[in-house]
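If you want the building blocks of each chain, they are given just below.
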Amino acid sequence: MKRCMIVDGSSVIRKVASRILNGPDMIVVEAATGSDALSMCASDLPDIVVVDSRLPDMAADDLIRRIAALDPDFTPQIVICMIEFDVGIIMRARRAGAKGHLMKPFNRAQLLERFRDLELAA
C-alpha cells in the first residue's frame, strides 16, 4: 500500500486531497507546516509528497531538499502544488528534487492524473 503526505497550510486543500486519494491502495497523511512534515517523514517516509509552494514556516524547495536527504536509499516522488504558475518556483522545486507540479485549485481528475504520471515515471 502506498503512503502519501499532503503538506499544505490550508486545511481545505488537505481535506480535499485526502478525500480524493484515500482508498484501498493509498493511505494519506496530512501536515500543515514544513516542520510537521519533516517530523512525520523522519519516522515514516511516504512514497509521494505533495508540497504547497507557500508554506507558512519554510520555503518549499528547502522542505523538498530536506525530505529528499532523509534516506539516501529512497527518495519519495515529490510534487509542488501552487496557486499561480511560476516558472521560478517550478525550477527551484525541480532542482531540489520535485518530479512535477500541480496547480490549485485541482479537481479529482487532475490530481489522479498527476499521480498516474508519477507512477509511470517511477
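Everything below is about the structure printed above this text.
Computed from a predicted model, the values in this text were never measured in an experiment.

**Comments concerning the pairing of strand E4 (residues 77–82)**
Across the six residues of E4, six count as buried, placing the element largely inside the fold. Where strand E3 (residues 48–52) meets E4, five bridges bridge the pair, whose relative direction is parallel. The partner of Asp52 across the bridge, within E4, is Cys81. A crossover links E3 with its parallel partner E4, the connecting element being helix H3 (residues 60–68), and its sense is right-handed. You can see the chain leave E4, run along helix H4 (residues 87–96) and come back into strand E5 (residues 100–103), and the turn it takes is right-handed.

**Re the sheet that holds strand E1 (residues 2–7)**
Here we have five strands laid out as an open sheet, ordered E2-E1-E3-E4-E5, and parallel in their pairing. Taken across any chain shown, the strands that pair with only one partner, and hence form the sheet edges, are strand E2 (26–31) and E5. Recorded for the sheet is a direction-independent mean angle of 20 degrees between the axes of neighbouring strands. Taken together, the four bridges between E1 and E3 define a ladder with parallel strand orientation. Across the sheet, the residue bridging to Ile6 is Val50, located in E3. On the sheet, helix H1 (residues 11–21) packs against E1 and E2 and is oriented at approximately 175 degrees with respect to E2.

**Focus: the nonpolar core**
Residues Met5, Val7, Val51, Leu63, Ile64 and Ile67 are the most contacted members of the largest nonpolar core, which totals 24 residues. Mapped onto this core, the elements with two or more residues apiece are E1, E2, helix H2 (34–43), E3, H3, E4 and H4.

**Quick notes on the pattern of salt bridges**
Following the criterion strictly, the structure yields ten salt bridges and no others. Across the pair Glu30 and Arg14 runs a salt bridge whose closest N-O atoms are separated by 3.4 Å. In this pair, Glu30 is assigned in strand E2 and Arg14 in helix H1, connecting sequence segments 16 residues apart. By relative accessible area, which is 25% here, Glu30 ends up partly exposed. Here Asp52 ties to Lys104 by a salt bridge, and the two come within 2.9 Å at their closest N and O atoms. With Asp52 in strand E3 and Lys104 in the loop between E5 and helix H5 (108–121), the pair connects residues that are 52 residues apart, well separated along the chain. Both residues of the pair, Asp52 and Lys104, belong to the buried class. When salt bridges that share partners are traced, they join Asp8, Asp52 and Lys104 into one network.

**Overview of unusual backbone geometry**
Residue Pro105 is reached from Lys104 by a cis peptide bond, and omega for that bond is -5 degrees. In this fold, Pro105 is placed in the loop between E5 and H5.

Cut-off values and rules
- Residues numbered from 1 in each chain as written.
- Predicted model: local features only at pLDDT ≥ 70, side-chain atom pairs only at ≥ 80, totals over all residues.
- Heavy atoms only, no water.
- Buried < 20%, exposed > 50% of the residue type's maximum accessible area, 1.4 Å probe, protein only.
- Helix = DSSP H or I, 4+ residues; strand = E, 2+ residues; numbered from the N terminus.
- Pairing = 2+ DSSP bridges.
- Right-handed = clockwise from strand over helix to strand, strands pointing away.
- Axes fitted to C-alpha atoms, helices over the stretch in contact; angles between N-to-C directions.
- Contact = heavy atoms within 4.5 Å.
- Core = buried A, V, L, I, M, F, W, Y, C linked by side-chain atoms within 4.5 Å.
- Salt bridge = Lys/Arg side-chain N within 4 Å of Asp/Glu carboxyl O.

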